[in-house]
Amino acid sequence: MCSSLYSIRMPELPELHMSCSFVNAVGRQHVFSGKVCKSAVHKSEDVSFSATRYTITSHVRGKEMSLTLTPQGSSKSQSIRLLFHMGMSGQFQFTKANELHKHAHLTFYTDDQPVMALSFVDVRRFGGWQIAQEGWGHDRGPDPIDEYEEFRSHIEENLDKGLFVKPICEVMMDQRYFNGIGNYLRAEILFRARVRPFDSARSVLEPLLRQRHEYHGSLEVQRCCAYSTPNIVEWCFVGNFNVLLMPNLPDSTLQIIYLYMCTLDCLIIS
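The structure displayed is predicted, hence computed values, not measured ones.

Colleague: Mind showing me how you'd approach the packing of aromatic side chains here?
Modeller: Overall, the coordinates contain 11 aromatic pairs when judged by the stated rule. On the numbers, 6.0 Å between centres and 85° between planes, the contact of F120 with W129 is edge-to-face. We note that F120, like W129, is buried. With centroids separated by 6.3 Å and ring planes inclined at 50°, the aromatic side chains of Y148 and F151 adopt a geometry described as tilted.

Below, the structure is given as structure tokens:
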């Protein structure tokens, strides 16, 4: 089951990566069948897709997550791609079909007996989806985990823009540059990097970005970081890297999220 721990805060970069791993783990173990069912109350578009048997795969970029539905035995041109934003409380759950969450707004049913269901659950209904065969939101920058080099270069190349005169705590909420970073990650990163939140973003970033430390998403990176002091941009990668090292089995999702939360310094679990 997807954890109810998501509901304590708005999903940010780690939660999206964990959700993606969760959906892919379910997709590896189950084949889906029939229509995609949307709740009557949600305002996102209907998904006119039906197949006797189809698979689901997921990808993530910052605060956006995609699901691709591919009919078995058909060409990939018949696939459909859905782009999700999680809003304040969006998450995916995998349950028995007769035990759907009352706020399940988009549901995919398996070909199993008993029938199981993967559903997008959003209690507050600020999240949603759209059909987007390719691409991501035009106002979203590179992913700090999967596209670290592009993420860093994108900031470097735009430091002369007026936005970076503003306090670093404000700039870090701009998804054009810090895609996936939200309130709790901002606090965590600023704290670990020992940066004063109201210093100008340019004054914080310019000297740090001259110091190039390459991270390539490997176990070696995590070991190196134990003996060095990452700067604020590097913390956007390093601070979330533990997500990539965690198991992604569906039955362990709740424990995974709890373990991740225990690594944080600025979030108290009650």
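Having seen the structure, we can now continue with the description.
Colleague: Would you explain the pairing of strand β4 (residues 64-71) in this entry?
Modeller: It is a general feature of regular strands that their side chains alternate between the two faces of the sheet. Burial analysis of β4 places 8 of its 8 residues in the buried class, which makes it a mostly covered element. Alternating residues of β4 divide into E64, S66, T68 and T70 and M65, L67, L69 and P71, and every residue in both groups is buried. One ladder, built from 8 bridges, connects strand β3 (residues 50-61) with β4; its direction is antiparallel. When the bridges of β4 are listed, T55 appears paired with T70. Hairpin connection between β3 and β4: a loop of 2 residues separates the two successive antiparallel strands, and G62 in this loop has a positive phi of roughly 60°.

Colleague: Explain the sheet that holds strand β2 (residues 37-38) to me, please; I cannot follow it from the model alone.
Modeller: Within a sheet, each strand pairs with its neighbour through backbone hydrogen bonds, oriented either parallel or antiparallel. In space, the 4 strands of this open sheet follow the order β2-β7-β8-β6, with antiparallel pairing throughout. Strands with a single pairing partner mark the edges of an open sheet, and in this sheet they are β2 and β6 (91-96). As judged from the 5 bridges shared by strand β7 (residues 104-109) and strand β8 (residues 116-121), these two strands associate in the antiparallel manner. When the bridges of β8 are listed, T107 appears paired with S119. Where helix α1 (residues 13-29) meets the sheet, its contacts fall on β6 and β8, and the angle it forms with β6 comes to roughly 30°.

About the cut-offs
Here, residues in each chain are numbered from 1, in the same order as that chain's written sequence. Under the rules for a predicted model, residues below a pLDDT of 70 receive no local features and side-chain atom pairs below 80 are neither given nor counted, while totals for whole chains, interfaces and linings still include all residues. Only hydrogens and water are set aside; all other atoms, that is, all heavy atoms of the structure, feed into the side-chain values. Within 6.5 Å between ring centres, the rings of Phe, Tyr and Trp (the latter by its six-membered ring) count as paired, and their orientation is classed by plane angle as stacked under 30 degrees, edge-to-face over 60, tilted in between. For each residue, the accessible area found with a 1.4 Å probe, counting protein chains only, is set against the maximum for its type, and the residue is called buried under 20%, exposed over 50%, and partly exposed in between. Numbered from the N terminus, helices here are DSSP runs of H or I no shorter than four residues, and strands are runs of E no shorter than two. Strands qualify as paired when DSSP identifies two bridges or more between them. Here, residues are in contact when the closest pair of their heavy atoms is within 4.5 Å. Only the stretch in contact is used when fitting a helix axis, every axis being a line fitted to C-alpha atoms; angles between N-to-C directions are given from 0 to 180 degrees.

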